[in-house]
Amino acid sequence: MTERWLYAWGLGSVAFGGASLLVPLYIVQLGATPVQLGILAATAAVIAAPGAIVFGRLANRVSQRRPLVLVTLVGVALALTAIPFLSNITAVIVANAALWLVVSSVAPVLTMLVVDDAPESAWSARIGRLNKFQGYGWAGGLVLGTVWPFVGPLVVGAATAGPAVDVTLVTQTLFWLLAGCAALSALGAARSLPRPAPENHVTSEHRVRRIARLLASSRGGVKGATFAFSPNRLYWTTRNIHPRKLAGRFDAALVTYFAAATLFFVGFAAFWAPLPLFFTEASFGSGEVFGLYLVSSVASAALYERAGRLASTYDVRLLQSGALTLRGVLFPAVVLATAVGAVSVGLVTAGVVLAGIGVTWAVIAVVGTAIVTRLAPASVRGEVLGLHTALGAVAGGIGSVLGGWAASFGYLAAFSVAGGLVLLGALLVGSLRVLSGGTRATEPPAQPVAETPPTTVVPAVSTEEVEAEAELRAK
């Protein structure tokens, strides 16, 4: 696999990362209410899940997968070009949903292109490299959004030769700059995307389970702190879910953890949905808001590897409940942090709190996968991990609407509701003493994925899968 197409895809990821925050800030400029901001986030989260599943299944049936990637990049370029011409908030919400439909839908297709024509021994390295380029691109989009309010007026002013530059025009040009990144990415991808032969496409159920295990154990990207839902994982980990097979396999401990996860996933989304409007009303500029999100994302990404080592060494019950408790406290603390002294001081203190929130996500994401892996019966471990991923998608939609509605009563109230849900989840996790002793606290053992940094516990492989892999190697 040559790397030229990865550079092209990384450029497209710049557009995705910038758009993830630029669209919410744009409807704030248009006068959006907290409820509308919550609906914006909810529609994007809810539509991403079926999009990934439908596109993934379509990719399994076509002889050439490259056009699906190109259609996605062109669609993103068109959406980002059109959105700044829209002045109706509802129209922007619809356009944003369409944008994230195509972005989320292509994720499974990219994974297929990465592993097609490659031996299984190379899959881990290839998926890791794809995630690396996507992460760099996403962070680049946040960096671009951070500096554009300072660079943009110079560029726009030079182009218009006017004494004053309209802030709305600066925002529009950033949309078009991101659209240009997506368009250039499409051109580069058209020239360099791999062309695997149809007979080498990954379609067997054994290989699907293998990819699902790799994705469940791969490190999170830069976007994970603020855009936690992964359509790619949702597709691969839910392909083999059979309700009848799962019936009766959930014991009290696993049910308790899923209840806890529902609470804290809803709480996370309830916090992030109205946050851009809160920061704007706190007199932070769009570049400063981008910078705060970047701080949280980078702090999270930097701690994934260490969180994996902690999950393999220490009591996961205490790690998870402790990280959740800290996050639950930090959510409402954002309001207090921004109220400290002048705007510049509030910006620094808010940055410290956002960095802390990012660090807690690194622990929660990695340790959460380890806990589900340990609590799930070996025969349905993959299916249970898939349900855990799907739960995050559903909770994201519910939490976004809840956060937007609660923010209409005040941001301290909204962030306190979000933090309270997370704290309730922490209490339930803390009650799972089965994770602190006995075989269920130590099985399955930590197994780092070959050729990528070990960041979490790899789901144990069932006996049937071991036999299937041995049979494949013998052939």
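Residues numbered from 1 in each chain as written. Predicted model: local features only at pLDDT ≥ 70, side-chain atom pairs only at ≥ 80, totals over all residues. Heavy atoms only, no water.

Looking up the protein chain in an unreviewed UniProt entry gives the name Major Facilitator Superfamily protein, with the organism given as Halogranum gelatinilyticum.

Visitor: Explain the overall build of the protein chain to me, please; I cannot follow it from the model alone.
Guide: Helix and strand counts for the protein chain come out as 19 helices and 0 strands. Going through the 475 residues of the protein chain one by one, you find that 55% of them count as buried. Of the roughly 18600 Å² of accessible surface on the protein chain, 67% is carried by carbon and sulfur atoms. (Helix = DSSP H or I, 4+ residues; strand = E, 2+ residues; numbered from the N terminus. Buried < 20%, exposed > 50% of the residue type's maximum accessible area, 1.4 Å probe, protein only. Areas by Shrake-Rupley, 256 points an atom, 1.4 Å probe, with all protein chains shown as cover.)

Visitor: Explain the nonpolar core to me, please; I cannot follow it from the model alone.
Guide: The tendency in soluble globular proteins is for nonpolar side chains to be buried as a group. Ranked by internal contacts, the top residues of the largest apolar core, which has 125 residues, are Phe264, Leu275 and Phe279. For this core, the leading source of residues is helix α1 (residues 4–29), giving 14 residues. Split by domain, this core shows at least three residues from each of two domains, domain 1 (1–195) and domain 2 (242–435). Contacts of phenylalanine 264, omitting those with residues within four sequence positions, involve Tyr257, Gln320, Leu324, Ile364, Leu421, Val422, Gly425 and Val429. (Core = buried A, V, L, I, M, F, W, Y, C linked by side-chain atoms within 4.5 Å. Domains from an automatic or database assignment. Contact = heavy atoms within 4.5 Å.)

Visitor: Please clarify how the packing of helix α11 (residues 252–272) against helix α14 (residues 316–338) should be interpreted in this entry.
Guide: When two helices pack together, their arrangement is given by the angle between the helix axes and the distance between those axes. Orientation of α11 relative to α14, taken along the N-to-C sense of each, is 25°, at an axis distance of 11 Å. In terms of axis orientation, α11 runs roughly parallel to α14. Considering how the two elements wind past one another, α11 and α14 form a crossing that is left-handed. Touching Tyr257, Phe264, Gly267, Phe268, Phe271 and Trp272 of α11 are Gln320, Leu324, Arg327, Phe331 and Val334, all from α14. Among the residues forming the contact of α11 with α14, the class breakdown is 8 nonpolar, 2 polar and 1 charged. (Axes fitted to C-alpha atoms, helices over the stretch in contact; angles between N-to-C directions. Parallel < 35°, antiparallel > 145°, perpendicular 65-115°, else oblique. Left-handed = near helix turned anticlockwise from the far one by under 90°. Nonpolar A, V, L, I, M, F, W, Y, C, P; charged D, E, K, R; others polar.)

Visitor: What is the right way to look at the confidence of the model for the protein chain in this model?
Guide: Interpretation of this model should avoid reading the predicted coordinates in detail wherever pLDDT is low. Per-chain confidence: the protein chain averages 79 in pLDDT, with 74% of residues scoring 70 or above. Contacts for the low-pLDDT stretch residues 442–475, under 50 throughout, to residues beyond four places or in other chains number 69 contacts. (pLDDT = per-residue confidence, 0-100.)

Visitor: It is not clear to me how the environment of serine 105 should be interpreted in this structure. Could you clarify?
Guide: With respect to the helices and strands, serine 105 occurs in helix α4 (residues 89–105). By relative accessible area, serine 105 is classed as buried at 3%. For the pair serine 105 and proline 50, spaced 55 residues apart in sequence, the C-alpha to C-alpha distance is 8.1 Å.

Visitor: Please clarify how the side chain of arginine 66 should be interpreted in this entry.
Guide: Topologically, arginine 66 is positioned in helix α3 (residues 66–82). Sequence-distant contacts of arginine 66, defined by excluding residues within four places in its chain, comprise Ala189, Ala190, Arg191, Leu193, Pro194 and Arg195.

Visitor: Please clarify how a nonpolar patch on the surface should be interpreted in this entry.
Guide: Among the surface-exposed residues, Val143, Val147, Phe150, Val151 and Val155 lie close enough to one another that they form a single nonpolar patch of about 410 Å² accessible area. As for its position among the elements, valine 143 is in helix α6 (residues 123–160). (Patch = residues over 30% accessible without salt bridge, like charges linked within 9 Å, V, L, I, M, F, W, Y side chains within 5 Å. Salt bridge = Lys/Arg side-chain N within 4 Å of Asp/Glu carboxyl O.)

Visitor: Where do I start with the packing of aromatic side chains in this structure?
Guide: Where two aromatic rings form a pair, the distance of their centres and the angle of their planes describe that pair. With the rule as written, the count across this model stands at 21 aromatic pairs. Aromatic side chains phenylalanine 271 and tryptophan 272 sit 5.1 Å apart centroid to centroid with 70° between the ring planes, which places their arrangement in the edge-to-face category. Owing to a relative accessible area of 0%, phenylalanine 271 belongs among the buried residues under this scheme. Using a relative accessible area of 11% as the deciding quantity, one classes tryptophan 272 as buried. (Phe/Tyr/Trp six-rings, centres within 6.5 Å; stacked < 30°, edge-to-face > 60°.)

Visitor: Would you explain the environment of valine 348 in this entry?
Guide: For valine 348, the location among the structural elements is in helix α15 (residues 343–375). When the C-alpha atoms of valine 348 and threonine 338 are compared, they prove to be 8.4 Å apart, with 10 residues separating the residues in sequence.

Visitor: What exactly am I supposed to notice about the packing of α1 against α4 here?
Guide: Where α1 meets α4, the closest approach of the two axes is 11 Å, and the angle between their N-to-C directions is 165°. Viewed along their axes, α1 and α4 adopt a mutual orientation that is roughly antiparallel. Helix-helix and strand crossings are classified by hand; for α1 and α4 the assignment is left-handed. In this structure, α1 uses Phe16, Ala19, Ser20, Val23, Tyr26 and Ile27 to contact α4, whose residues at the interface are Ile89, Val92, Asn96, Leu99, Trp100 and Val103. Among the residues forming the contact of α1 with α4, the class breakdown is 10 nonpolar, 2 polar and no charged.

Visitor: What's the story with helix α5 (residues 107–115) in this structure? I'm lost.
Guide: Every α-helical turn comprises 3.6 residues, leaving residues that sit three or four positions apart pointing alike. Burial analysis of α5 places 9 of its 9 residues in the buried class, which makes it a mostly covered element. Three or more residues of α5 are buried, namely Ala107, Pro108, Val109, Leu110, Thr111, Met112, Leu113, Val114 and Val115.

Visitor: Can you walk me through the environment of leucine 154 in this structure?
Guide: Among the secondary structure elements, leucine 154 is positioned in helix α6. On the basis of relative accessible area, leucine 154 is assigned to the exposed category, the value being 64%. A sequence separation of 16 residues divides leucine 154 from valine 170, and the C-alpha atoms of the two residues are 9.5 Å apart.

Visitor: Would you mind going over α14 with me for this structure?
Guide: Helix length check: α14 (23 residues) gives 33 Å between terminal C-alpha atoms against 33 Å at 1.5 Å per residue, within 8%. A maximum bend of about 40° is found in α14 at proline 332. Structurally, the start of α14 carries an N-cap: the backbone nitrogen of arginine 317 is 2.9 Å from a side-chain oxygen of aspartate 315. (Expected span 1.5 Å × (residues − 1). Bend = angle between axes of the 7 residues up to and from the residue. Polar contact = N/O pair within 3.5 Å; in protein donor to acceptor, adjacent residues only side chain to side chain.)

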